[in-house]
Amino acid sequence: MASPVPSLGQLVSDAICLFKKNFGDEAPKIAACAPGRVNLIGEHTDYNQGYVLPMALSLVTVVVGSASSGQEATIVTASEEADEPRKVDLTLPVEGFPLSPGLPHWANYVKGVMDHYRACPLPGFRAVVVSSVPLGSGLSSSASLEVAFYTFLQQLRPDDGDNLSKAIACQQAEHTHAGVPCGIMDQLVSVLGMEGHALLIDCRSLESIPVPLTDAGLVFLITNSNVKHSLASSEYALRRAQCEKAASILRKPSLRDATMNDLEAQESRAQLDDVTYRRACHVIGEICRTLKAAESLKRGAYQEFGKLMVESHNSLRDLYEVSCKDLDDLVCAAMEVEGVFGSRMTGGGFGGCTITLLKDHAIDRTIQNIQERYSGTPTFYVATPSEGARALKLS
Ligand code: ADP
Ligand code: MG
């Protein structure tokens, strides 16, 4: 069975309880939420200015709180997966005196958002964070925390409301305070997500085109391997550097501007070492696949979409080398089941989740086959394409 997803109402009411427990009996006055996401195809393309095709999920992070007097912010997270202490007091950032990253690690995401918030000065406040997005599983709990927190700050002191700048500020927060040189996909889809749609995002222009996912007979199933290898963050930064190296050898501003012909040209082949060549080959191929996949989804050509998913997985495994045995096993187990169109690892890799496209009647058999074949303990979510970040009314 797929894991039940707690309703937004339930999360808000949990957050209100925790607020009262921490800050006396007064109820919080403002609230905001932002979703996690799953990427259907277009992996490791965002920081190469290519295309991605994610959807926002019904798994969300909720922030509730109130303004307070004084120059301090106190923030509590309910997440038991976050490092301790789970309650932090922060001085408010003032110009020239940003908040420096430190411990606990989870608070760096919040500090980063406060530092990059686009309207200052912030008033003092107290806030509680509650989330249904599993932490560190590739469903972007980090972006959902940043974007939910930013949306919360917008209720405290409004900025100009520009959504793209908001996503960029949250991405900056992750770069400068969490030390993760991520692309723009996670924050952008968490801000812009649309119910019933995936978004084809051009990570160069930041334009996004909604792709309807309204076929009732179809399901996108997320399988969480529940493993995360410690390699993930160092290898991510290394892949970014390898892509920059490849683009510079090909004399292109980014791999978005390169074609397979550029890559295969004699002069390029002479200068590219085998590893850099394979990294570039994945990115250039994946950008093409993502555009084709969005087209096939629009036409309802699910076989074609599924085939592209598997090609994407194989490329991430063999050329980009960011998969691992757990993810490969999950994909194989899903592909054995009749009614499954395609399956691939999703997110940065080295653990985390796979995403599988299948006919809805095949869901129980697929889950069962994965449980039988996979040596770990997977959890499953039906991916419901959902709305992006928003303020919530507290009654
Ligand atoms: P992912 O974004 O795929 O879930 P990351 O490694 O990018 O994985 O981000 C996970 C980190 O983000 C956590 O280890 C924690 O520091 C922080 N985080 C995310 N959500 C929360 C939350 N609700 N409360 C506290 N910290 C969180
Ligand atoms: Mg993340």
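Before any of the text, the structure's been laid out above.
These notes cover the structure that comes with them. This structure is a prediction, so every number in the text was calculated from the model and none was measured.

### Describing the sheet that holds strand E10 (residues 340-346)
Turning to step 1, where the next piece is worked out: Ordered by their spatial adjacency, four strands build an open sheet running E10-E11-E9-E12, and the pairing between neighbours is antiparallel. The open sheet is flanked by E10 and strand E12 (379-382), the only strands paired with a single partner. Shown here is a sheet whose adjacent strand axes are inclined to one another by a mean of 20 degrees, direction ignored.
Turning to step 2, where the next piece is worked out: Pairing between strand E9 (residues 218-228) and E12: four bridges, direction antiparallel. Counterpart to Thr-223 in the pairing with E12 is Phe-380.
Turning to step 3, where the next piece is worked out: Lying on the sheet, helix H12 (residues 363-373) is in contact with E9, E10, strand E11 (351-359) and E12; it crosses E9 at an angle near 20 degrees.

### A word on the site of ligand 1
Turning to step 1, where the next piece is worked out: Thr-77, Gly-136, Gly-138, Ser-141 and Ser-142 are the nearest of the 20 residues found near ligand 1.
Turning to step 2, where the next piece is worked out: The side chain of Thr-77 places a nitrogen or oxygen atom 2.8 Å from a nitrogen atom of ligand 1.
Turning to step 3, where the next piece is worked out: Here an oxygen atom of ligand 1 sits 3.4 Å away from a polar atom, N or O, in the side chain of Lys-228.
Turning to step 4, where the next piece is worked out: Burial of ligand 1 by the surrounding chains reaches 86%, relative to a free accessible area of 560 Å².

### Things to note about helix H5 (residues 185-192)
Counting along an α-helix, one turn takes 3.6 residues, and residues three or four places apart therefore face a common direction.
Turning to step 1, where the next piece is worked out: H5 sits mainly inside the fold: seven of its eight residues count as buried.
Turning to step 2, where the next piece is worked out: The set of residues buried in H5 consists of Met-185, Asp-186, Gln-187, Leu-188, Val-189, Ser-190 and Val-191.
Turning to step 3, where the next piece is worked out: Buried residues along H5 sit in contact with strand E1 (30-39), strand E2 (51-52), strand E3 (54-68), helix H3 (141-156), helix H4 (163-177) and strand E7 (197-202).

### Let's talk about unusual backbone geometry
Peptide bonds are mostly trans, and most non-glycine residues show a negative phi.
Turning to step 1, where the next piece is worked out: For the bond from Leu-103 to Pro-104, the omega torsion is 0 degrees, close enough to zero to count as cis.
Turning to step 2, where the next piece is worked out: Despite not being glycine, Asn-226 shows a phi value in the positive range, around 60 degrees.
Turning to step 3, where the next piece is worked out: Inspection of the secondary structure assignment puts Asn-226 in strand E9.
Turning to step 4, where the next piece is worked out: Judged by its relative accessible area of 44%, Asn-226 is partly exposed.
Turning to step 5, where the next piece is worked out: The phi angle at Phe-350 is positive, at roughly 55 degrees, despite the residue not being glycine.
Turning to step 6, where the next piece is worked out: Structurally, Phe-350 can be placed in the loop between E10 and E11.
Turning to step 7, where the next piece is worked out: Here Phe-350 falls in the buried class, since its relative accessible area comes to 7%.

### A short note on the environment of His-197
Turning to step 1, where the next piece is worked out: Looking at the element boundaries, His-197 is found in strand E7.
Turning to step 2, where the next piece is worked out: We classify His-197 as buried; its relative accessible area is 19%.
Turning to step 3, where the next piece is worked out: Among all residues touching His-197, those that are not within four sequence positions of it are Met-55, Pro-210, Val-211, Pro-212, Leu-213 and Pro-385.
Turning to step 4, where the next piece is worked out: Of note is the side chain of His-197, whose polar atom sits 2.7 Å from the backbone oxygen of Glu-195.

### Considerations on the side chain of Ser-312
Turning to step 1, where the next piece is worked out: Counting through the fold element by element, Ser-312 comes out in helix H10 (residues 302-318).
Turning to step 2, where the next piece is worked out: Under the relative-accessibility criterion, Ser-312 is labelled buried at 0%.
Turning to step 3, where the next piece is worked out: When near neighbours in sequence (up to four residues on either side) are disregarded, Ser-312 contacts Ile-41, Glu-286, Arg-289 and Arg-344.

### With respect to the nonpolar core
Turning to step 1, where the next piece is worked out: Among the nonpolar cores identified, the biggest contains 56 residues, and Leu-40 and Leu-53 are the most heavily contacted of them.
Turning to step 2, where the next piece is worked out: Only E3, E7, E9, helix H6 (232-249), helix H9 (274-299), H10, E10 and E11 provide two or more residues apiece to this core.
Turning to step 3, where the next piece is worked out: Considering every element that reaches this core, the biggest residue donor is H9, with nine residues.
Turning to step 4, where the next piece is worked out: Not counting chain neighbours up to four residues away, the residues in contact with Leu-40 comprise Leu-53, Pro-54, Met-55, Ala-198, Leu-213, Phe-220, Leu-297, Phe-305, Met-309, Arg-344 and Ile-355.
Turning to step 5, where the next piece is worked out: If you look at the next biggest cluster of nonpolar residues, it comprises 48 residues, including Ile-75, Leu-156, Ala-167 and Leu-188.

### Observations concerning the environment of Tyr-150
Turning to step 1, where the next piece is worked out: The topology assignment puts Tyr-150 in helix H3.
Turning to step 2, where the next piece is worked out: We classify Tyr-150 as buried; its relative accessible area is 0%.
Turning to step 3, where the next piece is worked out: The spacing of Tyr-150 and Tyr-117 is 33 residues in sequence and 7.0 Å in space, taken between C-alpha atoms.
Turning to step 4, where the next piece is worked out: Residues contacting Tyr-150, with those up to four places away along its chain left out, are Val-113, His-116, Tyr-117, Arg-118, Asp-159, Lys-166, Ala-169 and Cys-170.

### A closer look at the pairing of E7
Turning to step 1, where the next piece is worked out: Burial within E7 is extensive, with six of its six residues counted as buried.
Turning to step 2, where the next piece is worked out: Judged by which residues are buried, E7 turns out to be covered on both faces: His-197, Leu-199 and Ile-201 on one side and Ala-198, Leu-200 and Asp-202 on the other are all buried.
Turning to step 3, where the next piece is worked out: One ladder, built from two bridges, connects E2 with E7; its direction is antiparallel. Counterpart to Val-52 in the pairing with E7 is Ile-201.
Turning to step 4, where the next piece is worked out: The pairing of E7 with strand E8 (residues 208-212) spans five bridges and is antiparallel. Across the sheet, Leu-199 pairs through a bridge with Pro-210, a residue of E8.
Turning to step 5, where the next piece is worked out: Hairpin connection from E7 to E8: five residues lie between these consecutive antiparallel strands, with Leu-206 at a positive phi of about 65 degrees.

### Some words on the packing of helix H2 (residues 106-116) against H3
Turning to step 1, where the next piece is worked out: H3 packs onto H2 with a crossing angle of 40 degrees between their chain directions and a minimal axis gap of 9 Å. Classified by the angle between their axes, H2 and H3 sit oblique to one another. Like other packed secondary-structure pairs, H2 and H3 cross with a definite hand, here right-handed. Contacts between H2 and H3 involve Trp-106, Tyr-109, Val-110, Val-113, Met-114 and His-116 from the first element and Ser-142, Leu-145, Glu-146, Phe-149, Tyr-150 and Leu-153 from the second.

What counts as what
- Residues numbered from 1 in each chain as written.
- Chains lettered and ligands numbered in written order.
- Predicted model: local features only at pLDDT ≥ 70, side-chain atom pairs only at ≥ 80, totals over all residues.
- Heavy atoms only, no water.
- Pairing = 2+ DSSP bridges.
- Helix = DSSP H or I, 4+ residues; strand = E, 2+ residues; numbered from the N terminus.
- Axes fitted to C-alpha atoms, helices over the stretch in contact; angles between N-to-C directions.
- Contact = heavy atoms within 4.5 Å.
- Near = heavy atom within 4 Å.
- Polar contact = N/O pair within 3.5 Å; in protein donor to acceptor, adjacent residues only side chain to side chain.
- Areas by Shrake-Rupley, 256 points an atom, 1.4 Å probe, with all protein chains shown as cover.
- Buried < 20%, exposed > 50% of the residue type's maximum accessible area, 1.4 Å probe, protein only.
- Core = buried A, V, L, I, M, F, W, Y, C linked by side-chain atoms within 4.5 Å.
- Parallel < 35°, antiparallel > 145°, perpendicular 65-115°, else oblique.
- Left-handed = near helix turned anticlockwise from the far one by under 90°.

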